[in-house]
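The chain contents come next:
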Amino acid sequence: MTKHKRRIAILSVIIVAFLALLPLVNYSIERKIENYISNLPDHFIIHIEDIKVNLLSRKIDFINVNLTLLGKTDKSVNAEIVLDYATFKGFSFWDILFNNTITVNKLVITHPQINYQQSEGNAEKNTSKNRRQAKLNLFKIHHFEIVEGEIEMCNTSNASTLLHVKPFNLKLDNVTHQFSTFKNIPVSFNDYNLNAQSIFINAGVYETLEVDTLLLNTQTALMKSLVFKTKYSKYELSKQLKNERDHFHFTVDSLTFSGLDFGFKTDTTLTFKTEKIKLFKPELAMFRDKRVNDDYKEKPLYSKMLRDLNFNMGLDNISIIDGKIIYEEKIKQDAQTGRLVFKSLNSEIKNIGNIYKDSIETTIETEAFFMKNAPLKAYWAFNVNDKNDHFTFKGELGQLNASTLNSFTEPNTAIRLEGQLNKTYFTIDGNRHTAKVDLKINYDAFSVIILKDGEHKKNKLLSAIANIFISKNSYNKTDNFLSGEKEAVQRDKTKSIFNFLWLNLKQALRDAMT
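Computed from a prediction, not measured in an experiment: that's the story for all the values here. (Residues numbered from 1 in each chain as written. Predicted model: local features only at pLDDT ≥ 70, side-chain atom pairs only at ≥ 80, totals over all residues. Heavy atoms only, no water.)

(A) The arrangement of the overall build of the chain in detail. Along its length, the chain carries eight helices and 24 strands. Within the chain, the fraction of its 514 residues that count as buried is 38%. Accessible surface, the chain as shown: approximately 29,300 Å² in total, 55% of it carbon and sulfur. (Helix = DSSP H or I, 4+ residues; strand = E, 2+ residues; numbered from the N terminus. Buried < 20%, exposed > 50% of the residue type's maximum accessible area, 1.4 Å probe, protein only. Areas by Shrake-Rupley, 256 points an atom, 1.4 Å probe, with all protein chains shown as cover.)

Shown next as structure tokens:
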């Protein structure tokens, strides 16, 4: 036999032997996987219809998988995962057979349905001790993918839905067994890409959050058709409340994040940072029922609220584009609801958070049209690190027909306004205790009509008395402006910052116009 023929014969024998042993090797790997699954802890119950191993293509398929996770103490069902396929591609059979590790080029999970049941008994704390005691096989997955998944989280105590997402697609790169910057997740990964649709979140006792589309990766995020709203109607909410709480309906056409960075940078502290947020066409409709008892808890100013956050936050820049705010207030049972409107609202907000240096201020610059068409500009600045909560609020209001305010003043204060407010400037300089206000106003033909209680008819006597003390116009001054100021305006700490701003403006207007 020639040397060439001998080589061919040896190679043929090797190939035949390999092909003969291949089913045995495949079977051995399948049994090893089944043995591993059978030795999972008692609170894991897993059923797999079929396991297919292909040594030649280095591929393993798990078909029709059902995984149930039970509580360690009461053995109740905590979670259930049902999926069509789990496909491991580029599997290292050498590692699984001889190194007891899992190395995979790509893992694809198809149509998983994840159902989590939340109850008081199944919440387990994740501590550093738990992490050290966790015994996980070493694994590395270069590319991980979930296709057309669905998640539902329910509260077993009241059968309510806490979270629902359908469908979602997720991609992760370089997944390993180490803990990541996301707390409670015993894996780490480099890049991620999430595409989720029809997201519903039960945000508490009174609110829900819905997002039509979420696109998220390591640097950017996009949300489309966001709705954050009160679950109940205005008057259903009032019936449930012991103390007043705003009813609201907040929508955003689209919301984008860029320069995004979030996660647990230490074992316990969450950090959320982003360079830029844009809100396109946000609309907020807010209703306050003043017939419900006041909440007399102290309301901190925004600087203190940010300073006292229990996580690290830094939002460098927020742009609000073409927004709208409608505020309604109901004071009397037999009166209409008062209404204020801000439209075409555009705002630039900088340095919102608690991670900035002492020298950096939070600033908010806003332009909008107040009521029908009165141009409004506002500037607000404060320092989160200032424990005295000093702030400056400046405003400029253009031409406003006073009668446009009657939709708010008539039902709430039984006052009708007439005349023209041509130009108003004001500056409020304050802190958490008191403030000083300076105001200049130009107006003409201004008058106050006091209405009869419960009617829309003029109370002639009270109206005449009131207008004795009010200047009809501002043209008796050399610059055609009347000035008003007030020092040491006391803040009612049981009310919001906006109530404090209004108290200052009311005092200054009274000083200027009487």
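(B) Up close: the side chain of Ser254. Tracing the chain through its elements places Ser254 in strand E11 (residues 247–258). When its relative accessible area of 14% is taken as the criterion, Ser254 is described as buried. Setting aside residues no more than four positions away along its own chain, Ser254 makes contact with Leu222, Met223, Lys224, Lys278, Leu279 and Phe280. (Contact = heavy atoms within 4.5 Å.)

(C) Quick peek at the environment of Glu244. Topologically, Glu244 is positioned in the loop between helix H4 (234–240) and E11. Along the primary structure Glu244 and Arg288 are separated by 44 residues, whereas in three dimensions their C-alpha atoms are 7.4 Å apart. Excluding anything up to four places from it in sequence, Glu244 contacts Arg288, Asp289, Lys290, Val292, Asn293, Asp294 and Asp295.

(D) Structural detail: the pairing of strand E18 (residues 362–370). Both strand E17 (residues 338–353) and E18 contribute to a ladder of seven bridges, which runs antiparallel. Bridged to Ser347 within E18 is Thr366. Note: E18 against strand E19 (residues 374–382), nine bridges, orientation antiparallel. Counted as the bridge partner of Thr362 is Phe382 from E19. Between E18 and E19, which follow one another and run antiparallel, lie three residues, and Met371 among them has a positive phi close to 55°. (Pairing = 2+ DSSP bridges.)

(E) A look at a nonpolar patch on the surface. Together, Tyr302, Met305 and Phe498 make up an exposed nonpolar region whose accessible area comes to about 290 Å². Along the polypeptide, Phe498 turns up in helix H8 (residues 497–513). We classify Phe498 as partly exposed; its relative accessible area is 46%. (Patch = residues over 30% accessible without salt bridge, like charges linked within 9 Å, V, L, I, M, F, W, Y side chains within 5 Å. Salt bridge = Lys/Arg side-chain N within 4 Å of Asp/Glu carboxyl O.)

(F) Region of the structure containing the pattern of salt bridges. This model, assessed by the stated rule, comprises 16 salt bridges. A salt bridge links Arg245 to Glu207; the nearest nitrogen and oxygen atoms lie 3.0 Å apart. In this pair, Arg245 is assigned in the loop between H4 and E11 and Glu207 in strand E9 (residues 207–217), connecting sequence segments 38 residues apart. On the accessibility criterion, Arg245 (37% relative accessible area) is partly exposed. Accessibility expressed as a relative area gives 7% for Glu207, which makes it buried. The salt bridge involving Glu328 is made with Arg339; its shortest N-O contact spans 3.0 Å. Here Arg339 lies in strand E17 and Glu328 lies in strand E16 (residues 312–330), a separation of eleven residues in the sequence. A residue is classified by how much of its surface remains accessible, and Glu328, at 15% relative accessible area, is buried.

(G) Examining H8 more closely. With 17 residues, H8 extends 24 Å between its outermost C-alpha atoms, agreeing within 8% with the 24 Å of an ideal straight helix rising 1.5 Å per residue. The complete set of buried residues in H8 reads Ile497, Phe500, Leu501, Asn504, Leu505, Ala508, Ala512 and Met513. Looking at the buried side of H8, the elements it contacts are helix H5 (302–307), E19, strand E20 (391–397), strand E22 (415–430), strand E23 (434–450) and strand E24 (482–490). (Expected span 1.5 Å × (residues − 1).)

(H) Structural context of unusual backbone geometry. Each neighbour pair has its own omega, and for Lys166 with Pro167 the value is -10°, a cis peptide bond. Residue position: Pro167 is located in strand E7 (residues 160–176). The phi dihedral of Asn174 falls on the positive side, at around 55°, and the residue is not glycine. Along the chain, the position of Asn174 falls in strand E7.

(I) Summary view of the packing of aromatic side chains. Tallied over the full model, the rule gives 15 aromatic pairs. A ring pair is formed by Phe257 and Phe272, whose centres lie 6.3 Å apart and whose planes are at 90°; its orientation type is edge-to-face. In this pair, Phe257 sits in strand E11 while Phe272 sits in strand E13 (residues 270–274), placing the two residues 15 residues apart along the sequence. The exposure class assigned to Phe272 is partly exposed, which follows from its relative accessible area of 24%. Measuring from centroid to centroid gives 6.3 Å for Tyr302 and Phe498, while their planes differ by 65°, and the two rings are edge-to-face. Taken together, the residues Tyr302 in helix H5 and Phe498 in helix H8 connect sequence positions 196 residues apart. Among the aromatic residues, ring-to-ring pairing joins Tyr302, Trp380, Phe382, Phe393, Phe426 and Phe498 into one connected group. Directly above the aromatic system of Phe481 lies the positively charged group of Lys440, at a separation of 5.1 Å from the ring centroid. (Phe/Tyr/Trp six-rings, centres within 6.5 Å; stacked < 30°, edge-to-face > 60°. Lys NZ or Arg CZ within 6 Å of the ring centre and 35° of its normal.)

(J) Representation of a negative patch on the surface. Residues Asp429, Asp438, Glu485 and Asp511 make up a contiguous surface patch of negative charge. Position of Asp511 among the secondary structure elements: in helix H8. Judged by its relative accessible area of 40%, Asp511 falls in the partly exposed class. (Lys, Arg positive; Asp, Glu negative; His and termini not counted. Charge placed at Lys NZ, Arg CZ, Asp CG, Glu CD.)

(K) Representation of the pairing of E22 within the structure. Judged from the seven bridges that link them, E20 and E22 form a sheet pairing that is antiparallel. Note on E22: the bridge partner recorded for Thr392 is Asp429. Pairing analysis gives two bridges linking strand E21 (residues 400–401) to E22, with the strands arranged antiparallel. Paired with Leu400 across the strands is Leu421, a residue of E22. Between E22 and E23, which pair antiparallel and follow one another directly, the connecting turn spans three residues.

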